[in-house]
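So you can see what is in the structure, the chains are spelled out below.
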Amino acid sequence: MVKKLVKFVKVPKIKDDGFLCFAQNPDQIPFEIKRVYYITSPVAGLPRGKHAHKKTRQVLFCLKGKVRMVLNNGRKKSEIVLSSPEKGIMIEPKTWHEMLDMNENTVLLVLASKRYDPKDYIRNYDEFLRIARTHT
Ligand code: T46
């Protein structure tokens, strides 16, 4: 079966003297959350990401500003722009991802299925292609 490359994650948005969004397992997040990290004040115009993960599953939200995400599973590439806190995307393992077009105001929030492990990263694009094409 061909897996969908872009999977959006929509979370509830409650208007309550402002807005409150929440995400919980298993309703919106299809894995147990082992780690949360956020990216603030990225250098304007500097791409981030440019890697894939071997096992970690992630959901990424853009809480402020916007980010252009490029996802690539080794056979297909898709681009989407995230600019609202209630709509995130899944970044599945063996998906090369790049975060582009951010500025100092952009805030990203990421929920991850695994603790931080530098060995889980595939940072070499040729290695990524070899692994992704063998496993998809
Ligand atoms: C990803 C995208 C969406 C840690 O020490 N612990 C952590 O949990 C993380 C995520 C990073 N780091 C260290 C590793 C580097 O020394 O923080 C530094 C910056 O990480 P990196 O260059 O990988 O940042 P991005 O923005 O390119 O990628 C990050 C995540 O690392 C990555 O897993 O999928 O956001």
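So, here's what we can say about the structure. (Residues numbered from 1 in each chain as written. Predicted model: local features only at pLDDT ≥ 70, side-chain atom pairs only at ≥ 80, totals over all residues. Heavy atoms only, no water.)

1. Concerning the site of the ligand
And step 1. Close to the ligand lie 14 residues, the nearest being Arg35, Arg48, Gln58, His97 and Tyr121.
And step 2. A distance of 2.8 Å separates an oxygen atom of the ligand from a polar atom in the backbone of Gly49.
And step 3. A total of 640 Å² of accessible area belongs to the ligand in isolation, and the protein chains cover 67% of it.
And step 4. Elements with a contribution of two residues or more to the shell around the ligand: β4 (35-39), β5 (48-53), β6 (58-64) and β10 (96-100).
And step 5. Considering each element in turn, the shell around the ligand owes the most residues, four residues, to β5.
And step 6. Partitioning the shell around the ligand into residue classes produces six nonpolar, five polar and three charged. (Near = heavy atom within 4 Å. Polar contact = N/O pair within 3.5 Å; in protein donor to acceptor, adjacent residues only side chain to side chain. Areas by Shrake-Rupley, 256 points an atom, 1.4 Å probe, with all protein chains shown as cover. Helix = DSSP H or I, 4+ residues; strand = E, 2+ residues; numbered from the N terminus. Nonpolar A, V, L, I, M, F, W, Y, C, P; charged D, E, K, R; others polar.)

2. Some thoughts on the sheet that holds strand β11 (residues 107-112)
And step 1. Taken together, the five strands give an open sheet; going across it, the order is β1-β9-β6-β11-β4, and neighbouring strands pair in antiparallel fashion. Of all strands in the sheet, those bounded by a partner on one side alone are β1 (8-10) and β4. In this sheet, adjacent strand axes meet at a mean angle of 25° when their direction is disregarded.
And step 2. Taken together, the five bridges between β4 and β11 define a ladder with antiparallel strand orientation. (Pairing = 2+ DSSP bridges. Axes fitted to C-alpha atoms, helices over the stretch in contact; angles between N-to-C directions.)

3. Some points on the nonpolar core
Side chains of nonpolar character tend, in soluble globular proteins, to be buried together.
And step 1. One finds Leu60, Val67, Met69, Leu82, Ile89, Met99 and Leu108 to be the most contacted residues of the largest nonpolar core, which totals 16 residues.
And step 2. Mapped by element, the contributors of at least two residues to this core are β6, β7 (67-72), β8 (77-82), β9 (87-91) and β11.
And step 3. Looking at which element gives the most residues to this core, the answer is β7, with three residues.
And step 4. Apart from the residues within four sequence positions on either side, Val67 is in contact with Cys62, Ile80, Val81, Leu82, Met99, Leu100, Met102 and Leu108.
And step 5. If you look at the next biggest cluster of nonpolar residues, it comprises nine residues, including Val11, Phe31, Val59 and Phe61. (Core = buried A, V, L, I, M, F, W, Y, C linked by side-chain atoms within 4.5 Å. Buried < 20%, exposed > 50% of the residue type's maximum accessible area, 1.4 Å probe, protein only. Contact = heavy atoms within 4.5 Å.)

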